[in-house]
Amino acid sequence: MSKRVLIATDKPFAAEAVKGIRNVIEKAGYELVLLEKYTEKQQLLDAVADVDAAIIRSDIFDKDVFAAGKQLKIVVRAGAGYDNIDLDAATSHGVCAMNTPGQNANAVAELVFGLAVYAIRNFYNGTSGTELLGKKLGIHAYGNVGRNVARIAKGFGMDVYAFDPFLSAEAIEKEGVKAVKTVEELYTTCQYVSLHIPATAETKNSINYDLLSKLPKKALLLNTARKEVINEVEIVKFMEERTDFKYVTDIKPGNHDELVAKFADRYFSTPKKMGAQTSEANTNAGIAAANQIVDFFENGNERFKVNK
Ligand code: NAD
């Protein structure tokens, strides 16, 4: 029997992305099942019951979903972050969970500069701002997004530094970026810091008062990674003391209202996470997910597997 591949998206892909996914799935002789804009979890549980594979975005795949997916073999998060998938549940039900790294990296990186210019031009309030040219940019985690940020930063004439403990200094420096040895060094050196770390046990709450205190005067923190990596209580304390510091984010923090009330002239959050929200990223990630599913079933390729 032909494989059934579910697209389960409460926030749907663009029509063009669905078309691209359908082409890949149907060319492989599989059937595409579409569940978009669902409002109840039960709709997802029903839809997943008789499919072999699922392509999702920020949709929650928890224990219940894996229990309902009796013949599910693979779920692919079309995007980089996969903290919406319960990986242990996937493993215990024998499901391969994957992401599609890199497909939305340029989209996120371009947004970093949209946010940076907005912030250093004083949120377009009509007053005189500053420029990116010649400034030190610290890239906190040199993965797919970080790399694209470095590429664009060089075009702006910035002096680019990066910290990534999982990469060698050579790997970073061969791309014309200065590798620093410690996270503290990144924050001490760079006036602008852009976060590209995943939310892990180690990184959660790690952007705290002590680390932020290392930043030079007139510093800017850009967060297009995850809100969990920021210590929300301590960043407020830091902003109260350091009136020269600005914080802009693409991931609305839990204490957004407090930040707006206290620091309206130094804080900004996009209303909704927008980093990957381009038609190009959408289409790239969706089609990559479809290709990975076909490659998994046809060739056993598990290259982008993220669970054990
Ligand atoms: P990636 O997996 O390509 O890169 C992550 C990098 O982080 C890797 O190079 C890894 O070595 C490094 N890293 C891991 N732990 C670290 C630590 N403790 N300190 C420093 N570096 C560490 O991921 P990516 O595609 O570059 O995405 C980066 C982040 O951006 C993720 O948190 C992802 O969830 C987020 N993201 C946000 C959006 C958005 O819409 N705003 C879109 C895509 C990705």
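Every chain's residues receive numbers from 1 upward, in the order its sequence appears when written. Given that this is a predicted model, residues contribute local features only at a pLDDT of at least 70 and side-chain atom pairs are listed and counted only at 80 or more, while totals for whole chains, interfaces and linings are drawn from all residues. Computation of side-chain values: all heavy atoms of the structure, hydrogens and water removed.

Once that is clear, we can look at the pairing of strand β9 (residues 192-195). Going residue by residue along β9, you find Y192 and S194 tucked away on one face and V193 and L195 tucked away on the opposite face as well. Bridge count between strand β6 (residues 136-140) and β9: 4 bridges; the pairing is parallel. Among the inter-strand pairings, G138 is bridged to a residue of β9, identified as V193. Buried means the residue's accessible area, taken with a 1.4 Å probe over protein chains only, is under 20% of the maximum for its type, while exposed means over 50%, and partly exposed covers the values in between. Helix and strand assignments come from DSSP, with helices taken as H or I runs of at least 4 residues and strands as E runs of at least 2, each series counted from the N terminus. Any two strands with at least two DSSP bridges between them are considered paired.

What follows is about the packing of helix α10 (residues 232-241) against helix α11 (residues 256-263). Contact geometry for α10 and α11: axes closest at 11 Å, N-to-C directions at 5°. Between α10 and α11, the angle falls in the class roughly parallel. Listed contacts from α11 to V236, M239 and E240 of α10 are E258, L259, K262 and F263. Each residue is assigned to one of three groups, with Ala, Val, Leu, Ile, Met, Phe, Trp, Tyr, Cys and Pro labelled nonpolar, Asp, Glu, Lys and Arg labelled charged, and all others, Gly among them, labelled polar. Considered class by class, the residues forming the contact of α10 with α11 number 4 nonpolar, no polar and 3 charged. What counts as an axis is a line fitted to C-alpha atoms, over the stretch in contact for a helix, and the angles between N-to-C directions run from 0 to 180 degrees. Angles are sorted into four bins: roughly parallel if under 35 degrees, roughly antiparallel if over 145, roughly perpendicular if 65 to 115, and oblique for all others. In what follows, residue pairs with any heavy atoms lying within 4.5 Å of each other are defined as contacts.

On to the pattern of salt bridges, then. Basic side-chain nitrogens of Lys or Arg form a salt bridge, by our definition, when they fall within 4 Å of a carboxyl oxygen of Asp or Glu. Enumeration according to the criterion identifies 13 salt bridges in this entry. Between E26 and R22 there is a salt bridge, with its nearest N and O atoms 3.1 Å apart. Linking E26 with R22, this pair stays in helix α1 (residues 15-27), spanning 4 residues, or about one helical turn. Here D244 makes a salt bridge to K217, at a shortest N to O gap of 4.0 Å. With D244 in the loop between α10 and β11 (246-249) and K217 in the loop between α9 (209-212) and β10 (220-223), this residue pair connects regions lying 27 residues apart in the sequence.

We now examine the UniProt feature "domain: D-isomer specific 2-hydroxyacid dehydrogenase catalytic" (unreviewed entry) in the chain. When the UniProt feature table is mapped onto this chain numbering, "domain: D-isomer specific 2-hydroxyacid dehydrogenase catalytic" (unreviewed entry) sits at residues 23-307. Between the end C-alpha atoms of residues 23-307 there is a gap of 28 Å, over a span that is 38% helix and 16% strand. UniProt positions are given in the numbering used here, feature names are shortened, and annotations may be inferred rather than shown by experiment.

Moving on, we get to helix α5 (residues 105-120). An expected span of 1.5 Å times one less than the residue number is assigned to each helix. With 16 residues, α5 should reach 22 Å at 1.5 Å per residue; the first-to-last C-alpha distance of 23 Å fits that figure. Along α5, the residues that are buried comprise A105, A107, V108, A109, L111, V112, F113, L115, A116, A119 and I120. A positive backbone phi angle near 55° is found at N122, which sits one or two residues after α5.

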